[in-house]
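Report on the structure
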Amino acid sequence: MVTIKDIAKEAQVSITTVSFILNGKYDQASEETVQRVLSIAKKYNYSPNPIAVGLVTKKTKTIGLVIPDIQNVFFGEVAKHVDNEVTRYGYNVILCNTNGNIEEDIKYIDILRRRGIDGLIISPSGGLNETKLQEKMIDTLNKIKIPFVCLDRWSEGLTSSRVSIDHCQGGYLATKYLIEQGHRKIGCLTGPLNVHNARRRLNGYQKALSEFKIPYNQQIVFEGDYRFESGYSKGQKILNNDITAIFISNDLMCYGFYKAVRELNKKIPDDISVIGFDDLFFSNMLDVPLTTIRQPVETIAVTAAQILLEQIKGNQTYKNIKFQPELIIRKSVRKVGD
Ligand code: RIB
């Protein structure tokens, strides 16, 4: 098998020069040398060893993607679209799942840094009640000296670019729609409130109530953790309350809530109207297709990847991009009086 050393020998240049040329850094040699090296590489069908290339270029053509929940289809979609986008530019992705545990975020940031990644996309875990860990995570990220972009989730204090939707607007649109359908007793199942976007979605719920002069009632606001199980277990409690509708902060918890409703022999939307958030693939396939707030997940993922690739190239402009959520009307909300 032909090595970079063989090419250097045949071209009568140094290994470093060959490496630069094969990595597209043509300004490191004369035009004639570049052409000679490229044609020898082509003749032998040479494909460079990434470790050797990395030693010379100090780049590994690898990015890290740190997500909080690999079981959630939302993040599966994120991973797919980030991977597709960066692959087009010759990058590979190392995927890390933190289970929403901030200590895992810190651990993976450090592992990825030591693996020599060129950049990082992260959807950081929350940590509102874990101030020390939160500070440590922010400090670790801000100090890694590797470009990074926050996707979907974010933490106060982070200095990177961020790409997400307007979460508050999403919560607002969902609640306003329930109110416009005649509901007044509207419960809320939030995401984990140590996560920034869960608090913003709750703010949107509060904003809509206040705009329509409906008093905010803490008794019918429950905290979940964005997982199916909490939709189910909190659902059992929520259904003891006098409400006609509920805004649930993500679709996965809605699926758990549907189960709780079914077990109580109640019906959606006759007994309770439900609106979710995300618009996961399965939400249109439920027995009662879910009315929800759509996040443009592909656009979010591709945009985050493009910003990161720009930053890796050295274009450091800070960007805070917020896409607009969209209300998707299906069958899970009843109009009061119908
Ligand atoms: O479904 C999980 C939630 O976590 C999504 O709504 C997404 O925004 C993420 O933060």
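Keep in mind it's a predicted model, so treat the numbers as computed, not measured. (Residues numbered from 1 in each chain as written. Predicted model: local features only at pLDDT ≥ 70, side-chain atom pairs only at ≥ 80, totals over all residues. Heavy atoms only, no water.)

Observations regarding the overall build of the protein chain
For the protein chain, the helix and strand inventory stands at 12 helices and 12 strands. Seen through its C-alpha atoms, the protein chain measures out along the principal axes to roughly 85 × 40 × 30 Å. Within the structure as shown, the protein chain displays about 16400 Å² of accessible surface, and the carbon and sulfur contribution to it stands at 50%. Here the protein chain carries 44 positive and 37 negative side-chain charges, and the mean point of each set is 2 Å from the other. (Helix = DSSP H or I, 4+ residues; strand = E, 2+ residues; numbered from the N terminus. Areas by Shrake-Rupley, 256 points an atom, 1.4 Å probe, with all protein chains shown as cover. Lys, Arg positive; Asp, Glu negative; His and termini not counted. Charge placed at Lys NZ, Arg CZ, Asp CG, Glu CD.)

Description of helix H5 (residues 73-87)
Here H5 contains 15 residues, and its C-alpha end-to-end distance of 21 Å stays within 8% of the 21 Å for a straight helix at 1.5 Å per residue. Those residues of H5 that are buried are in contact with strand S1 (62-67), strand S2 (92-97), strand S3 (119-122), strand S4 (148-151) and helix H12 (297-312). (Expected span 1.5 Å × (residues − 1). Contact = heavy atoms within 4.5 Å.)

Things to note about the site of the ligand
The immediate surroundings of the ligand are formed by Asn-72, Phe-74, Phe-75, Asp-152, Arg-153, Asn-197, Arg-201, Tyr-226, Asn-250, Asp-278 and Gln-295. Within the contact set of the ligand, an oxygen atom lies 2.3 Å away from a side-chain nitrogen or oxygen of Asp-152. In the model, an oxygen atom of the ligand is placed 2.5 Å from a nitrogen or oxygen of the Arg-201 side chain. Within the complex, the protein chains bury 100% of what would otherwise be the 270 Å² of accessible surface of the ligand. Residue composition of the shell around the ligand, by class: 3 nonpolar, 4 polar and 4 charged. Composition of the shell around the ligand by domain shows at least three residues from each of domain 2 (62-165 + 297-324) and domain 3 (167-295). (Near = heavy atom within 4 Å. Polar contact = N/O pair within 3.5 Å; in protein donor to acceptor, adjacent residues only side chain to side chain. Nonpolar A, V, L, I, M, F, W, Y, C, P; charged D, E, K, R; others polar. Domains from an automatic or database assignment.)

With respect to the nonpolar core
Val-82, Ile-121, Tyr-205, Ile-246, Phe-257 and Val-274 are the most contacted members of the largest nonpolar core, which totals 68 residues. Split by domain, this core shows at least three residues from each of two domains, domain 2 (62-165 + 297-324) and domain 3 (167-295). Here Val-82 is in contact with Ile-63, Leu-65, Val-93, Ile-121, Leu-151, Ala-301 and Ala-305, once residues within four sequence places are set aside. Residues Val-66, Tyr-108, Ile-144 and Leu-158 belong to the second largest nonpolar core, which totals 19 residues. (Core = buried A, V, L, I, M, F, W, Y, C linked by side-chain atoms within 4.5 Å. Buried < 20%, exposed > 50% of the residue type's maximum accessible area, 1.4 Å probe, protein only.)

Considerations on the packing of aromatic side chains
Inspection of the entire model under this criterion finds 4 aromatic pairs. With a centroid separation of 4.9 Å and an interplanar angle of 85 degrees, the aromatic rings of Phe-74 and Phe-75 are classed as edge-to-face. Between the aromatic rings of Phe-281 and Phe-282, the centroid separation amounts to 5.3 Å while the plane-to-plane angle is 80 degrees, which identifies the pairing as edge-to-face. Exposure remark for Phe-281: the relative accessible area of 53% places this residue in the exposed category. You can call Phe-282 partly exposed: its relative accessible area is 39%. Here the guanidinium or amino end of Lys-207 rests over the ring plane of Tyr-172, the centre of that ring lying 4.4 Å away. Its guanidinium or amino end placed over the ring of Tyr-232, Lys-259 lies 4.2 Å from that ring's centre, counting from NZ or CZ. (Phe/Tyr/Trp six-rings, centres within 6.5 Å; stacked < 30°, edge-to-face > 60°. Lys NZ or Arg CZ within 6 Å of the ring centre and 35° of its normal.)

Here we look at the environment of Glu-229
With respect to the element layout, Glu-229 can be found in helix H10 (residues 228-238). Glu-229 gets classed as exposed once you look at its relative accessible area, which sits at 53%. Here the alpha-carbon distance between Glu-229 and Phe-257, two residues 28 residues apart in the chain, equals 8.7 Å.

A few points about the pairing of S3
Because side chains alternate across S3, one face comprises the buried residues Gly-119 and Ile-121, and the other comprises Leu-120 and Ile-122, equally buried. Strand direction decides the pairing type here: S1 and S3, joined by 4 bridges, are parallel. Bridging from a neighbouring strand, Gly-64 pairs with Leu-120 of S3. Bridging between S3 and S4 involves 3 bridges; their strand directions are parallel. (Pairing = 2+ DSSP bridges.)

With respect to the domain arrangement of the protein chain
Note on interface size: it is often stated as the accessible area lost on association of the parts. Once the domains are mapped, the protein chain shows domain 1 (4-57), domain 2 (62-165 + 297-324) and domain 3 (167-295). A separation of 33 Å is found between the C-alpha centroids of domain 1 and domain 2.

Points about helix H11 (residues 251-263)
In this model H11 runs 19 Å from its N-terminal to its C-terminal C-alpha over 13 residues, within 8% of the 18 Å that 1.5 Å per residue would give. Most of H11 sits inside the fold, with 10 of its 13 residues counted as buried. Taken residue by residue, H11 has Asp-251, Leu-252, Met-253, Cys-254, Tyr-255, Gly-256, Phe-257, Tyr-258, Ala-260 and Val-261 as its buried positions. Looking at the residues trailing H11, positive phi occurs at Asn-265, about 55 degrees.

Description of the pattern of salt bridges
All chains considered together, the criterion is met by 14 salt bridges. Notably, a salt bridge pairs Lys-313 with Glu-310, separated by 3.1 Å at the nearest N-O pair. Ionic contacts of the salt-bridge type, sharing partners, join the residues Asp-279, Arg-294, Glu-326 and Arg-330 into one network. (Salt bridge = Lys/Arg side-chain N within 4 Å of Asp/Glu carboxyl O.)

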